[in-house]
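Below are the chains, spelled out letter by letter.
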Amino acid sequence: MLGLNFLPILAGSLVVGAAAVGGYAVLTTSGPFAQSDEAPAAAQSPAAATPAPGPNEKTLTVNRVAGSPPSAVGKGSTVDGQGADARFVEPTGVVIDGAGTIYVADNGANLIRAISAAGFVSTLAGSGVSGLRDGAATTAQFFAPNGLALEADGSLPVADSGNHRIRRISRDGQVTTVAGSGPSGLGRGGFADGPSTTARFNLPKGVAVTGSGDILVSDTDNARIRRISKDGAVTTVAGTGEFGKADGGASVATFSNVSGIALGPDGSLFIADQPNNSIRRIDPLGTVTTVAQGFRFPSAVAVNKSGEIFVSDTGNNQVVLLSPKGVVIAKVGGTQGAADGAGPQAQFFNPAGVAIGPAGTAFVADSTNAILRSVEVSP
């Protein structure tokens, strides 16, 4: 079954919920990151949209880490076990700790899973029943969890999308609500800044933790980026709440269904702006710019120590590596399927969350394939 992750399901050339925009429009200025006020690029065929190889082009190679594709779309299951013997329902969010443990939000199963450095998959939190319950990890309930992040003490903030809340899994296995209120379910989120117990989100999908310990949230259906301070106060970082695509100051910039977010090495926040088919950036001064555009419903971003940006280009069934200025320097995948390999030999089926491990390898939740993949960069 499908949860509340709003991923397009590819069937041949059909993409549900994604604009038919191919290729990448690379945006350049004299500043440190690309930016533009132009509208998204016009639709192109995949062949016409393929960027010319650049001097810094690299090779991306995909391998399976855990899970096995189900017999049919929506037929995944929940099985703990080693590598390919494990099963997921619909993995979305991913984060990795310094020891190499990978944490996965299994959106369709309402669970948070863990993959050890040795490849064993276990259930970390959630009963498997959709609901809203804090407490011990084994009895706590989530409703279509999406993004994950990692705090300094090893706790995991969770964007609990269907509950319109940000939850936390502590190191000792306790689940608590960090912020958010109101009823659960589609169309019931609402919007309010303020104390954690009265603030409201609307289908939040992404989380990131700042160096000072604040939690940043992509508040998807409110078209805003929000902040939860360490004392629990919720404020708006950027976005007016109107759906659109305007760059500029945080108080006037507009987004459309923001999804995965990631912090860069300079403190900038990168955002997968899905219906706008763009990657956006909020710099440390609060200015919003467009880094690159022309994707198809991108779900998530991750930024490595060099400032290079990995993008889960969901509707194109591929992962793209951008330079810090938004230039495409590598991509892998591009057709629907589950094959491992390098470049166009590899296949994805609605890749979602992406995170970077300690050694620089990217890990991708290949959501409709119900598997976790690694993406190695060479040379």
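Conventions adopted
Within every chain, residues take consecutive numbers counted from 1 along the sequence as written. Thresholds applied to this predicted model are a pLDDT of at least 70 for local features of residues and 80 or more for the giving and counting of side-chain atom pairs; totals over whole chains, interfaces and linings are not thresholded and use all residues. Hydrogens and water molecules were not included; the side-chain quantities draw on all heavy atoms of the structure. Note on exposure labels: buried denotes an accessible area under 20% of the residue type's maximum, exposed denotes more than 50%, and partly exposed covers the range between, all computed with a 1.4 Å probe on protein chains only. Secondary structure elements follow DSSP: runs of H or I no shorter than four residues count as helices, runs of E no shorter than two count as strands, and numbering proceeds from the N terminus. What makes two strands pair is DSSP finding at least two bridges between them. Salt bridges are defined by distance alone: a side-chain nitrogen of Lys or Arg within 4 Å of a carboxyl oxygen of Asp or Glu. Nonpolar cores were defined as sets of buried Ala, Val, Leu, Ile, Met, Phe, Trp, Tyr and Cys residues, with membership established by side-chain atoms within 4.5 Å. Within 6.5 Å between ring centres, the rings of Phe, Tyr and Trp (the latter by its six-membered ring) count as paired, and their orientation is classed by plane angle as stacked under 30 degrees, edge-to-face over 60, tilted in between. By definition, being over a ring means that NZ of Lys or CZ of Arg is both within 6 Å of the ring centre and within 35 degrees of the ring normal.

Take the pairing of strand 15 (residues 204-209) next. Of all 6 residues that make up strand 15, 6 are buried, and the element is covered over most of its length. Here 5 bridges tie strand 15 to strand 16 (residues 215-219), and the two strands are oriented antiparallel to one another. Within strand 16, the residue paired with A208 across the bridge is L216. Counting the residues in the hairpin turn of strand 15 and strand 16 gives 5 residues, including G213, whose phi is positive at 95 degrees.

This part covers the pattern of salt bridges. Here the structure, examined in full by the defined rule, presents 14 salt bridges. The partner of R226 in a salt bridge is D193, and the shortest N-O contact between them spans 2.8 Å. Taken together, the residues span a long stretch of sequence, with R226 in strand 17 (residues 224-228) and D193 in the loop between strand 14 (174-179) and strand 15 at a distance of 33 residues. Given a relative accessible area of 35%, D193 falls into the partly exposed group.

What follows covers the nonpolar core. Proteins that are soluble and globular tend to have nonpolar side chains buried together. Among the nonpolar cores identified, the biggest contains 16 residues, and L60, F310, V332, V354 and V375 are the most heavily contacted of them. Looking at this core, the elements with two or more residues in it are strand 4 (59-66), strand 24 (300-303), strand 26 (318-322), strand 27 (328-333) and strand 30 (362-366). Looking at which element gives the most residues to this core, the answer is strand 27, with 3 residues.

For the rest of this paragraph, the subject is the packing of aromatic side chains. Applying the stated criterion to the full structure yields 0 aromatic pairs. The positively charged end of R167 is found above the aromatic ring belonging to F142, 5.0 Å away from the centroid. Here R373 stacks its cationic end above the ring of F348, 5.0 Å away from the centre of that ring.

Note the cis peptide between S378 and P379, where omega equals 5 degrees. In this fold, P379 is placed in the segment after strand 31 (371-378). Even without being glycine, N110 reaches a positive phi, approximately 60 degrees. Of note, N110 is situated in the loop between strand 7 (102-106) and strand 8 (111-115). On the accessibility criterion, N110 (5% relative accessible area) is buried. Phi is positive for A370, close to 60 degrees, though the residue is something other than glycine. Along the polypeptide, A370 turns up in the loop between strand 30 and strand 31.

The strand order 10-14-13-12-11 describes an open sheet built from 5 strands, whose pairing is antiparallel. Whereas interior strands pair on both sides, the edge strands pair on one side only; in this sheet they are strand 10 (135-136) and strand 11 (145-148).

Purely geometric stuff here, so don't read any function into it on its own.
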